Amino acid sequence: MEVSSEIYEENDYGSVTIANGNVISKYRFNKPTTTLDERNELQHDNESDIIVKRKKNEFIEIEHKKSSILSEVGLQLWRGAFLLNDFILNNPDMFLDKNVLELGSGVGITSIVASMYSKKVLCTDINIGGILDLIRRNVLLNDHYQKYRNNIEIHELDFFADRWSNELEKALADIDICFVADVIYDDDISIGFIKTILKLFKLSPKLKEMYIALEKRYVFTDCVVAPMYEFFMKKFSQETAGILKYNEMSTSFKQYFDYEKCKELVLIKVNRI
Ligand SMILES: C[S@@+](CC[C@H](N)C(=O)[O-])C[C@H]1O[C@@H](n2cnc3c(N)ncnc32)[C@H](O)[C@@H]1O
């Protein structure tokens, strides 16, 4: 059974089909500056007044599929990724000199946005349907945004792996912030994801915050429920009791990308107790 992300019904991203059957779309946004950029780039006119620079309209180009089988949903883009992108663009200073991890990165757009401000980004997913190669191509398509050049590392990280490679574990031990979008759509994956959250907070002493974006998928029967979200939250509370806490954040921050920021889109912050 094929599934499709709804974002393409809501917006025109100028998608063009390429030789391998995938499409390349353009996601426009306004890139904010960091306080560091401002200090380095402030210019003054002859009367010592600051010259205000106009914001440029920028875009990220992404190769992706427009539909896929369920096990290959990472080859598409989902709304949660846009919510994380907006969160990062609203808080660029938070990433200066930080090592960032993204889990279940899909096409890699959030890692590309994070790489504009952070020291290093570990962009990870399972390697199904050529996801890791797709991320590599997308990073190359947008490499002008990598502030330090080559600051995105791509690794396979499977929630169900018994052990991760030494190279990956070494890199994970140094992360400060973790992002995850839209991986709560299957109860088995949620169990693996919670196991992974606990492993990461144990392995990475500097890891203070994890941000999880998800879209509550409602089921309308006698009563309205979001079963996968409810399963995840219940399991998370049971498995992480006494170790981690979470809170649902306000998502009323500025929107930089074009997508429907629907009320089902939620941002959860996890940190240590
Ligand atoms: C709905 S997609 C979201 C992709 C991307 N974060 C976004 O929002 O556009 C779900 C992601 O979870 C990943 N995923 C599924 N099972 C996984 C596992 N066992 N370990 C790690 N990632 C997994 C998929 O490959 C896919 O990239």
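Since the model is a prediction, treat every value here as computed from it, not as a measurement.

Peer 1: Looking at this model, I keep getting lost on the site of the ligand. Mind explaining?
Peer 2: Taken together, 21 residues are adjacent to the ligand, and Gly-104, Asp-125, Asp-158, Phe-159 and Ala-181 come closest. In the environment of the ligand, an oxygen atom lies 3.5 Å from a nitrogen or oxygen atom belonging to the backbone of Ala-81. Contact distances for the ligand include 2.8 Å between a nitrogen atom and a backbone N or O atom of Gly-104. With the chains in place, 97% of the 590 Å² that the ligand exposes on its own is no longer accessible.

Peer 1: What is the right way to read helix H5 (residues 131-141) from this model?
Peer 2: Along an α-helix, residues three or four positions apart point the same way, because every turn accommodates 3.6 residues. Within H5 the residues assigned to the buried category are Ile-131, Leu-132, Leu-134, Ile-135, Asn-138 and Val-139. Within H5, the buried residues cover an arc of 155 degrees as seen down the axis, which keeps them to one side. Contacts from the buried residues of H5 go to strand S6 (57-64), helix H4 (109-115), strand S9 (120-125) and strand S10 (152-156).

Peer 1: Teacher, can you tell me more about the nonpolar core here?
Peer 2: Nonpolar side chains in soluble globular proteins tend to be buried together. Among the nonpolar cores identified, the biggest contains 47 residues, and Tyr-27, Ile-60, Leu-77, Ile-109, Phe-179 and Phe-257 are the most heavily contacted of them. It is helix H3 (residues 79-90) that contributes the most residues to this core, seven residues altogether. Every residue in contact with Phe-179, bar those within four places of it in the chain, is listed here: Leu-84, Phe-87, Ile-88, Phe-95, Val-100, Leu-101, Glu-102, Leu-103 and Tyr-211. By size, the runner-up hydrophobic cluster in this structure holds 33 residues, among which are Leu-103, Ala-171, Cys-178 and Phe-193.

The rules behind these values
Residues numbered from 1 in each chain as written. Predicted model: local features only at pLDDT ≥ 70, side-chain atom pairs only at ≥ 80, totals over all residues. Heavy atoms only, no water. Near = heavy atom within 4 Å. Polar contact = N/O pair within 3.5 Å; in protein donor to acceptor, adjacent residues only side chain to side chain. Areas by Shrake-Rupley, 256 points an atom, 1.4 Å probe, with all protein chains shown as cover. Buried < 20%, exposed > 50% of the residue type's maximum accessible area, 1.4 Å probe, protein only. Helix = DSSP H or I, 4+ residues; strand = E, 2+ residues; numbered from the N terminus. Arc of directions from axis to C-beta. Contact = heavy atoms within 4.5 Å. Core = buried A, V, L, I, M, F, W, Y, C linked by side-chain atoms within 4.5 Å.

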